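# Structure assessment
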Amino acid sequence: NAGVTQTPKFRVLKTGQSMTLLCAQDMNHEYMYWYRQDPGMGLRLIHYSVGEGTTAKGEVPDGYNVSRLKKQNFLLGLESAAPSQTSVYFCASSSWTRSSYNEQFFGPGTRLTVL
Amino acid sequence: AQTVTQSQPEMSVQEAETVTLSCTYDTSESDYYLFWYKQPPSRQMILVIRQEAYKQQNATENRFSVNFQKAAKSFSLKISDSQLGDAAMYFCAYRNYGGSQGNLIFGKGTKLSVKP
C-alpha cells in the first residue's frame, strides 16, 4: 500500500498563477483533509471532505477550492496564487467510526513557493 | 472553539536522558482524543502516542509516555532514554470525539534537539 501520496512534492509559482495539488489514498478512507503548515505554526485545516462528492471549509479556506470526485482523490486548487499561500501543504485521510480514534494518515507534504 | 498551546518553542536533551514536552488545551467537551505527532526533517507526520479523554490511565508506547491531567487540561509527553533519532518537531493535537468533522487541532510545535 502506498498510503497517502501527494503530487507534486515541490512547486514554485508566480503571483496570479493557478495550480492543483493532488492527494490520493489507497486505504478506502471516507474522510480526507488538506492542512497548511507555516513556520512557527502548527498545521491548520484548509478544507475537508467526509465522502465522495462532499467538501467543507476548515479554518483557513480563503483562496483555495477543493473537489472530491472520487473517493480516493482529494484535489486542492489555487485559482490565483498569492505570496501568502507560500507554505507546506499536507493531505491526510482517515476512516470514520464514531467510537474509534480514527488515526489520520498524512502524506509527505508539498512545499509551495509563490513569488 | 478548541485551542492547543505548546509553550516551549524549543527544547534540548542529552542523549539517554529524559525530557518532557508540555501541552495544554482548551475545550468544553468531555470526550475527546489527544495526540502527539513527531515531524522529523523529512516532514513526514508520524503519530507517536494517543490518549482517549475517558481513560484515566496514561498512555505509554515504549519510551514515550504521557501525563494526562484532564481537570487541568494538560497533556505532556515524556521521552525516556532519548535517542538521536528523537530529534524532531513535536506537535500536540486535539480531536473531538464523534462529531462530523474529525479534523485535528494542532499546537505550534516544540523543536526537540538531542545532544550526543
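### Observations concerning the interface of chain A and chain B
The interface is formed by 29 residues belonging to chain A together with 23 residues belonging to chain B. Buried surface at the junction of chain A and chain B, both sides included, amounts to about 2100 Å², of which 52% is carbon and sulfur. There are 0 salt bridges connecting chain A and chain B. Seen at the junction of chain A and chain B, the total is 4 residue pairs in polar contact (both at pLDDT 80 or more).

### Regarding the packing of aromatic side chains
Pairs of aromatic rings are described using the distance from one ring centre to the other and the angle between the two planes. As enumerated under the stated definition, the model contains 20 aromatic pairs over all chains in all. Here Y31 of chain A and W96 of chain A contribute two aromatic rings whose centre-to-centre distance is 4.8 Å and whose plane-to-plane angle is 10°, an arrangement assigned as stacked. Taken together, the residues span a long stretch of sequence, with Y31 of chain A in strand β4 (residues 31-37) and W96 of chain A in the loop between β9 (87-94) and β10 (105-106) at a distance of 65 residues. Owing to a relative accessible area of 7%, Y31 of chain A belongs among the buried residues under this scheme. Their ring planes at 80° and their centres at 5.5 Å tell us that F106 of chain A and Y37 of chain B sit as a pair that is edge-to-face. With one member in each of two chains, F106 of chain A in strand β10 and Y37 of chain B in strand β5 (residues 32-39) form a pair that bridges those chains. Note on F106 of chain A: relative accessible area 6%, which makes it buried.

### Quick word on the state of the cysteines
Per the stated rule, a full pass over the model turns up 2 disulfides over all chains. Two residues, C23 of chain A and C91 of chain A, share a disulfide whose sulfurs are 1.9 Å apart. In this structure the cystine formed by C23 of chain A and C91 of chain A twists about its S-S bond by roughly -75°; its chirality is therefore left-handed. Of this pair, C23 of chain A sits in strand β3 (residues 19-25) while C91 of chain A sits in strand β9, and the two are 68 residues apart along the sequence. Given a relative accessible area of 0%, C91 of chain A falls into the buried group. Between the sulfur atoms of C23 of chain B and its disulfide partner C92 of chain B the distance amounts to 2.0 Å. Linking C23 of chain B and C92 of chain B, the disulfide has an S-S dihedral of approximately -70° and is accordingly described as left-handed. Linking C23 of chain B in the loop between β3 (19-21) and β4 (24-26) with C92 of chain B in strand β10 (residues 88-96), this pair joins segments that are 69 residues apart in sequence.

### Points about the pattern of salt bridges
Within this structure, the stated rule accounts for 6 salt bridges over all chains. A salt bridge links D38 of chain A to R36 of chain A, with the shortest nitrogen-to-oxygen separation between them at 2.9 Å. Each member of the pair D38 of chain A and R36 of chain A is classed as buried. Salt-bridge contacts for E52 of chain B lead to K55 of chain B; the nearest nitrogen and oxygen are separated by 4.0 Å. Taken together, the shared-partner salt bridges connect R36, D38 and R44 of chain A into one network.

### Quick look at the sheet that holds strand β7 (residues 65-67) of chain A
All names here are of chain A. What the 4 strands build is an open sheet, ordered β1-β3-β8-β7; its pairing is antiparallel. The strands lining the two open edges of the sheet, one partner per strand, are β1 (4-7) and β7. With strand direction ignored, the average angle separating the axes of adjacent strands in the sheet is 20°. The pairing of β7 with strand β8 (residues 73-78) spans 3 bridges and is antiparallel. Considered in β8, the bridge of S67 is made with L75.

Rules of the game
- Residues numbered from 1 in each chain as written.
- Chains lettered and ligands numbered in written order.
- Predicted model: local features only at pLDDT ≥ 70, side-chain atom pairs only at ≥ 80, totals over all residues.
- Heavy atoms only, no water.
- Contact = heavy atoms within 4.5 Å.
- Buried area = accessible area lost by both parts, 1.4 Å probe.
- Salt bridge = Lys/Arg side-chain N within 4 Å of Asp/Glu carboxyl O.
- Polar contact = N/O pair within 3.5 Å; in protein donor to acceptor, adjacent residues only side chain to side chain.
- Phe/Tyr/Trp six-rings, centres within 6.5 Å; stacked < 30°, edge-to-face > 60°.
- Helix = DSSP H or I, 4+ residues; strand = E, 2+ residues; numbered from the N terminus.
- Buried < 20%, exposed > 50% of the residue type's maximum accessible area, 1.4 Å probe, protein only.
- Disulfide = S-S within 2.5 Å.
- Pairing = 2+ DSSP bridges.
- Axes fitted to C-alpha atoms, helices over the stretch in contact; angles between N-to-C directions.

Keep in mind these numbers describe shape, not what the thing actually does.
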